[in-house]
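# Coordinates in review
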Amino acid sequence: MSARLLRKVLKEQSAAQQQQLRRQLAGPPVTEKKEEQQLNNGDESEESPDSSAHSSRNPFDLLNDHDHDDDLGFESEIAGESSVGNIDDKEPSMVKATLNTVPSSNNHKAKKKKKKKTKEDPFSTSENVEKPMNVMLQNLSLDVNSSCQPGPIKAAKPANVKVGDSLVKQCTLSILQVDPKFLSAENELRRIFGSKVVNSFEKSHQTGSSRHIRGVRRGSHNHRKTILISPSSHWPRWDGSLSMELLETRDGYHYFRYVHSSSYGQAQSAFEAAKAIHDLNGIASILLYHPYHIDSLITLAEYFKFSGEHQMSTDATAKCLYALECAWHPMFSPLQANCQLKYGHDTNKPLFSTLFTHMKNMDRRGCHRSALEICKLLLSLDSDDPMGAMFCIDYYSLRAEEYTWLERFAEEYRSDNSLWLFPNFSYSLAICRFYLEHEVCSKETDTEIGKATSTDLVKQALMLHPSVLKKLVAKVPFTDQVWTNILKHSFFVSDQTGIPSLDHLINIYVERSYIVWRLPDLQKLLKDCALLVIETLEHNRTDAKDWACVRKEAFSFEKNEYCHLLVSDFSDLVPTMPPDNLQNFLVDPRMREVQNGDHIANRPGREHAPRDVANRNALAVLFESMLPWIDYGGRGDGGDGEDDLRDGHEQDDED
């Protein structure tokens with residue numbers, strides 16, 4: 001229905017109701033004789049006005065028949081709410097007749113007549129018009145739906161059967177939605193330090209290598225815009241060797257899988273062969289022709305991390321993310337938390353490992369909010385949580401000061417409300433409540449009714465997982481003498497529970513979140529609560545047995561269900577290895593013979609990022625020089641490099 005026709009129908013209905021109101025206020029009651037006359041001569045009385053009107057009408061007025069018919073129809077059907085429904089049922093036929101027969105000039109005449117009627121109507125005040133308009137809009141919307149679905153709605157009852165499941169899914173989707181504006185580490189650094197500081201830092205690093213950029217030809221292509229990372233200008237063009245396919249849509253989730261092209265499959269075979277003999281030279285040479293081969297980039301990122309080249313490791317990881325995002329399916333929208341990439345597919349595994357590494361890189365840079373968004377993305381891609389994002393999302397929430405979100409996540413993520421049983425959530429929720437209480441006190445507002453205090457939550461965490469305390473005292477460390485007395489108590493003397501899964505999760509929590517407990521306020525809270533627990537156990541020792549039963553019911557005794565999660569993956573410490581060990585362990589001996597790098601020449605027409613080789617690991621520089629996008633600026637400065645290379649070749653020929 002058009003807006004003009006809708007306005008016309010609403011005006012006519014309001015005029016009809018106002019006319020009915022005038023009749024009720026002004027007209028006298030009908031007598032019994034008049035009723036009998038109307039019953040006996042009803043047909044004649046109804047037909048006589050119409051016949052007289054048609055006989056005395058000017059033939060030119062027949063052009064406006066539809067207007068008079070509409071007015072007569074609305075005036076004769078003023079019986080109450082049922083008349084409104086009948087009008088709406090006849091509405092589609094009115095629309096067709098109006099569009100097919102009425103010229104535009106007749107519409108103007110009808111509007112003029114209606115304007116005159118409204119001016120002469122003493123009951124057409126603003127109060128009497130606004131109220132019927134709202135009622136008419138509601139009636140129209142209800143009748144339109146009823147016309148589309150006549151009769152009772154039979155699908156309502158089956159839909160209500162799964163209301164609980166749908167609500168749980170909606171809560172999970174909403175709590176894990178990723179905010180794209182917090183994914184950029186550069187934006188977070190600008191929020192922390194200010195734009196001027198970040199810009200001056202970037203300029204200082206660019207000026208050191210400006211002389212090398214002069215001899216490099218600018219790239220002739222623009223990179224695709226991505227949301228996970230910002231591609232560097234010297235990166236090669238995306239080759240499209242990786243793609244993604246939609247497997248199925250089930251229960252509101254879209255299931256996807258990465259697909260390799262034929263050229264990518266050949267590169268993957270070469271990678272597996274080089275990996276089998278620990279040939280890092282062969283892995284680096286793959287990137288010469290396939291610069292976005294994911295497994296090769298991941299291997300080099302790991303090598304650069306062990307060799308201490310953290311910036312090179314970060315660049316390789318970012319290049320992986322860029323390639324993986326460029327391959328996304330048009331329907332793949334992971335920020336909405338309704339897309340699934342199951343870890344069981346081998347082609348999907350690189351995305352999980354790369355996101356996990358990228359999350360740790362963001363944390364090391366101090367971009368905790370960006371790390372939190374990446375962690376939410378990891379958790380939403382696979383509900384089985386193969387990377388253990390559940391056991392570090394609380395840490396990133398606390399570091400990003402997202403206390404309200406963490407409490408909401410603990411309440412909405414699982415329908416059984418069992419997250420507090422995990423050691424990381426039992427302690428982190430207590431810390432979260434502690435900071436929220438301080439925010440409430442600073443704002444001078446009333447505390448939330450029904451919420452447990454931070455003291456109660458810490459006591460509950462200590463009763464449920466007492467072995468955490470001894471490991472925290474050793475890891476943080478706590479040097480106060482009072483901790484020695486607390487750990488002498490029989491309840492806190494042991495640092496093992498005898499449950500493999502629980503002991504492993506406690507080790508992960510302590511390794512990941514020990515730094516949070518270095519704050520003096522939290523140390524005081526933990527100390528006071530530990531003393532309260534000891535006092536409680538002295539009066540009632542059955543509480544310890546009750547909490548032990550809860551642990552046994554929550555975690556399995558048979559095996560470690562989380563053995564696939566390494567404690568070192570959740571550590572802040574970056575593992576390093578001496579260069580000699582790296583050479584003997586990773587590199588094939590044939591690589592030592594390749595010193596001049598004749599077959600690793602840079603391709604023309606591609607922009608490269610100049611690198612500084614001073615005070616760096618020589619072996620790492622050698623591997624770095626094999627990458628096709630790396631340039632040290634020596635070849636563009638003059639002919640010395642070419643002369644030396646020519647002399648070397650001449651000497652080899654003489655030999």
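Residues numbered from 1 in each chain as written. Predicted model: local features only at pLDDT ≥ 70, side-chain atom pairs only at ≥ 80, totals over all residues. Heavy atoms only, no water.

The name given to the protein in an unreviewed UniProt entry is Transcription factor 25, with Davidia involucrata as the source organism.

For the rest of this paragraph, the subject is the overall build of the protein. Helix and strand counts for the protein come out as 32 helices and five strands. Each of the 655 residues in the protein was classed as buried or not, and the buried ones make up 41%. (Helix = DSSP H or I, 4+ residues; strand = E, 2+ residues; numbered from the N terminus. Buried < 20%, exposed > 50% of the residue type's maximum accessible area, 1.4 Å probe, protein only.)

So, on to the pattern of salt bridges. Per the stated rule, a full pass over the model turns up 17 salt bridges. With a shortest N-O distance of 3.4 Å, glutamate 511 and lysine 475 are connected by a salt bridge. With glutamate 511 in helix α26 (residues 500–513) and lysine 475 in helix α24 (residues 467–475), the pair connects residues that are 36 residues apart, well separated along the chain. Residue class for glutamate 511 comes out buried when judged on its relative accessible area of 15%. The class for lysine 475 is partly exposed, based on a relative accessible area of 29%. (Salt bridge = Lys/Arg side-chain N within 4 Å of Asp/Glu carboxyl O.)

Before going further, it helps to examine a nonpolar patch on the surface. A grouping of Ile192, Phe193 and Val197 is seen on the molecular surface, where their side chains present a nonpolar patch of about 290 Å² in accessible area. Residue position: phenylalanine 193 is located in helix α11 (residues 185–193). On the basis of relative accessibility, which here comes to 52%, the residue phenylalanine 193 falls in the exposed class. (Patch = residues over 30% accessible without salt bridge, like charges linked within 9 Å, V, L, I, M, F, W, Y side chains within 5 Å. Areas by Shrake-Rupley, 256 points an atom, 1.4 Å probe, with all protein chains shown as cover.)

Here the residue pair valine 476 and proline 477 is connected by a cis peptide bond, since its omega of -10° sits within 30 degrees of zero. Tracing the backbone through its elements, the reader meets proline 477 in the loop between α24 and α25 (481–487). In this structure, alanine 337 takes a positive phi of about 65° despite not being glycine. Note on placement: alanine 337 falls in the loop between α17 (310–326) and β3 (339–340). Of note in the backbone geometry, glutamate 401 takes a positive phi value of approximately 60° without being a glycine.

Three or four residues apart is the spacing at which side chains of an α-helix point the same way, because the helix has 3.6 residues per turn. Of the residues making up α11, those classed as buried are Ala185, Glu188 and Leu189. All buried residues of α11 fall inside an arc of 100° around its axis, so they share one side. (Arc of directions from axis to C-beta.)

The terminal C-alpha atoms of helix α18 (residues 349–364) lie 23 Å apart, and with 16 residues this matches the ideal 22 Å at 1.5 Å per residue to within 8%. Across the 16 residues that make up α18, a large majority, 12, are buried. Taken residue by residue, α18 has Pro350, Leu351, Phe352, Thr354, Leu355, Phe356, His358, Met359, Lys360, Asn361, Met362 and Asp363 as its buried positions. Backbone geometry just downstream of α18 places glycine 366 in the positive-phi region, at approximately 85°. (Expected span 1.5 Å × (residues − 1).)

Looking now at the nonpolar core. The biggest cluster of nonpolar side chains holds 124 residues, and the ones touching the most others in it are Phe409, Leu462, Leu469 and Trp517. Those residues in contact with tryptophan 517 that lie beyond four places of it in its chain are Tyr427, Ile431, Leu472, Val476, Phe478, Tyr509, Leu522, Gln523 and Leu526. (Core = buried A, V, L, I, M, F, W, Y, C linked by side-chain atoms within 4.5 Å. Contact = heavy atoms within 4.5 Å.)

Our next topic: the packing of aromatic side chains. All told, the structure shown has 21 aromatic pairs when counted by the stated rule. Each ring, one from phenylalanine 256 and one from phenylalanine 332, has its centre 5.2 Å from the other, and the planes form 85°; the classification is edge-to-face. With phenylalanine 256 in strand β2 (residues 253–260) and phenylalanine 332 in the loop between α17 and β3, this pair connects stretches of sequence that are 76 residues apart. Judged by relative accessible area, phenylalanine 332 falls into the buried class, the value being 6%. Here the aromatic rings of phenylalanine 409 and tyrosine 413 are separated by 4.9 Å at their centres, their planes lie at 25°, and the arrangement is stacked. Judged by its relative accessible area of 0%, phenylalanine 409 falls in the buried class. Its relative accessible area of 11% is what places tyrosine 413 among the buried residues. Aromatic ring contacts, followed pair by pair, group Trp235, Trp238, Tyr292 and Tyr322 into a single cluster. If you follow arginine 369 out to its NZ or CZ, it ends over the ring of phenylalanine 182, 3.8 Å from the centre. Its guanidinium or amino end placed over the ring of tyrosine 514, lysine 475 lies 5.1 Å from that ring's centre, counting from NZ or CZ. (Phe/Tyr/Trp six-rings, centres within 6.5 Å; stacked < 30°, edge-to-face > 60°. Lys NZ or Arg CZ within 6 Å of the ring centre and 35° of its normal.)

Okay, the pairing of strand β1 (residues 242–250) next. Inspection of the sheet shows β1 paired to β2 by eight bridges, in the antiparallel sense. When the bridges of β2 are listed, glutamate 245 appears paired with arginine 257. Linking β1 back to β2 in an antiparallel pair, the connection comprises two residues, with aspartate 251 at a positive phi of about 55°. (Pairing = 2+ DSSP bridges.)

Attention shifts here to the packing of α18 against helix α19 (residues 368–381). Here α18 crosses α19 at 160°, and the two axes come no closer than 8 Å. Judged on the interaxial angle alone, α19 and α18 are roughly antiparallel. The crossing of α18 and α19 is left-handed. Listed contacts from α19 to Leu351, Phe352, Leu355, Phe356, His358, Met359, Met362 and Asp363 of α18 are His368, Ser370, Ala371, Ile374, Cys375, Leu377, Leu378 and Leu381. (Axes fitted to C-alpha atoms, helices over the stretch in contact; angles between N-to-C directions. Parallel < 35°, antiparallel > 145°, perpendicular 65-115°, else oblique. Left-handed = near helix turned anticlockwise from the far one by under 90°.)

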